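Residue strings, one per chain:
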Amino acid sequence: MNDLPIKLTLAGNAASKIIDKYGITSSEHIRLRDIAFREGAFVIEEPVARATASLVKSKNGATIRISPFDRPERKRFSIAHELGHLKLNHVEGKLQKACTEKDMRSWYKKSIETEANYFASELILPTTLIGRMCDVEEVDFEPVKKIAKKFRASLTATAMKFVQLNSEKCAFIYSEAGKILWSCKSADWKPFIQSGKILESGTEVYNFFKGKELYKEPIEVEANSWFNSDIDDEYIVEHSIGSHEFESVLTLLWIRPE
Ligand SMILES: [Zn+2]
């Protein structure tokens with residue numbers, strides 16, 4: 001995580017402090033409503049107009065509103081995201097902060113929403129607890145799914161953490177409507193992945209956006225179809241999962257060691 005902008009690193013650190021403060025050593029200990037309460041925010045489930053969650057500060061503390069209609073993992077993320085706004089002092093001088101579904105999916109823009117997301121990601125998926133689970137021999141979505149299930153987190157947030165904590169050369173890519181939207185990588189990953197790049201034939205993601213079914217298993221694809229390859233390997237491993245609901249694809253790329 002060393003090449004992260006400083007504000008995102010600080011947001012993660014603020015969440016790590018909470019994990020340390022309450023002596024959290026397992027996924028079951030991450031009871032977000034209790035943590036939020038101890039940190040000064042009361043959580044209630046109530047529809048929020050034109051948003052998915054909100055934070056309202058008052059003299060006596062703060063109230064986090066989350067949508068009662070969201071999935072459990074989404075509710076957890078909303079609580080952690082709003083707590084992030086509170087702990088990172090994003091609501092100073094304001095009456096309230098309302099956040100949309102889009103805000104909660106902002107991982108690559110310079111904004112307080114991205115900071116709140118990094119805070120939430122570290123609170124729900126603490127580096128100290130998932131580090132060892134990211135140490136795997138084969139890079140694909142199987143370990144990511146296991147971690148996501150255990151920690152009740154989204155696949156996207158988990159996959160980001162997974163590649164950042166991984167000792168293999170791997171990258172996580174988020175694509176929408178036939179284009180790479182953003183990516184993140186392991187410390188040893190060298191090839192440049194261009195955001196905004198139109199996906200080329202030869203990648204699994206391209207096939208998805210052309211209406212084909214994706215392989216369930218990881219497959220080998222030509223490295224050149226993903227990026228201008230300056231690596232020795234001609235082929236890399238791609239594992240992609242598509243969502244017709246969001247017209248998006250999550251991809252793990254892996255340069256398999258010799
Ligand atoms: Zn927000």
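Analysis parameters
- Residues numbered from 1 in each chain as written.
- Predicted model: local features only at pLDDT ≥ 70, side-chain atom pairs only at ≥ 80, totals over all residues.
- Heavy atoms only, no water.
- Axes fitted to C-alpha atoms, helices over the stretch in contact; angles between N-to-C directions.
- Helix = DSSP H or I, 4+ residues; strand = E, 2+ residues; numbered from the N terminus.
- Parallel < 35°, antiparallel > 145°, perpendicular 65-115°, else oblique.
- Left-handed = near helix turned anticlockwise from the far one by under 90°.
- Contact = heavy atoms within 4.5 Å.
- Nonpolar A, V, L, I, M, F, W, Y, C, P; charged D, E, K, R; others polar.
- Buried < 20%, exposed > 50% of the residue type's maximum accessible area, 1.4 Å probe, protein only.
- Pairing = 2+ DSSP bridges.
- Salt bridge = Lys/Arg side-chain N within 4 Å of Asp/Glu carboxyl O.

Undergrad: Is there a simple way to explain the packing of helix α3 (residues 72–87) against helix α5 (residues 112–124) in this structure?
TA: Describing two packed helices takes the angle between their axes plus the distance from one axis to the other. Closest axis-to-axis distance for the α3/α5 pair is 8 Å, and the angle between their directions is 120 degrees. For the element pair α3 / α5, the angle class is oblique. Considering how the two elements wind past one another, α3 and α5 form a crossing that is right-handed. Facing Arg-76, Phe-77, Ala-80, His-81, Leu-83, Gly-84, His-85 and Lys-87 of α3, the residues of α5 in contact are Ile-112, Glu-113, Ala-116, Asn-117, Phe-119, Ala-120, Ser-121, Leu-123 and Ile-124. Its residues placed into classes, the contact of α3 with α5 shows 9 nonpolar, 5 polar and 3 charged.

Undergrad: Whenever I open this one, helix α8 (residues 155–164) confuses me. Can you help?
TA: Side chains of residues three or four places apart in an α-helix project in the same direction, reflecting 3.6 residues per turn. Within α8, 9 of the 10 residues are buried, leaving the element largely enclosed by the surrounding structure. Residues of α8 that are buried: Thr-156, Ala-157, Thr-158, Ala-159, Met-160, Lys-161, Phe-162, Val-163 and Gln-164. Of the surrounding elements, those touching the buried residues of α8 are α5, α6 (127–130), α7 (141–151), β5 (169–176), β6 (179–185) and β9 (248–255).

Undergrad: Would you mind going over the sheet that holds strand β2 (residues 53–58) with me for this structure?
TA: Two strands in a sheet stick together by hydrogen bonds in their backbones, pointing the same way (parallel) or opposite ways (antiparallel). As summarised here, the arrangement of the 4 strands in space is β1-β3-β2-β4, forming an open sheet in which the pairing is mixed. Here the strands that pair on one side only, and so sit at the sheet edges, are β1 (41–45) and β4 (96–99). The sheet shows a mean angle of 15 degrees between the axes of neighbouring strands, taken without regard to direction. Bridge analysis of β2 against β4 gives 4 bridges, and the strand direction is antiparallel. By the bridge assignment for β4, Val-56 is matched with Gln-96.

Undergrad: Whenever I open this one, the pattern of salt bridges confuses me. Can you help?
TA: Pairing is possible between side chains that carry opposite charge, provided their charged atoms lie close to one another. Counted under the stated rule, the structure contains 17 salt bridges. Between Arg-31 and Asp-34 there is a salt bridge, with the nearest N and O atoms lying 3.3 Å from each other. By relative accessible area, which is 48% here, Arg-31 ends up partly exposed. We classify Asp-34 as partly exposed; its relative accessible area is 42%. Taken together, the shared-partner salt bridges connect Arg-74, Glu-101, Arg-105 and Glu-176 into one network.

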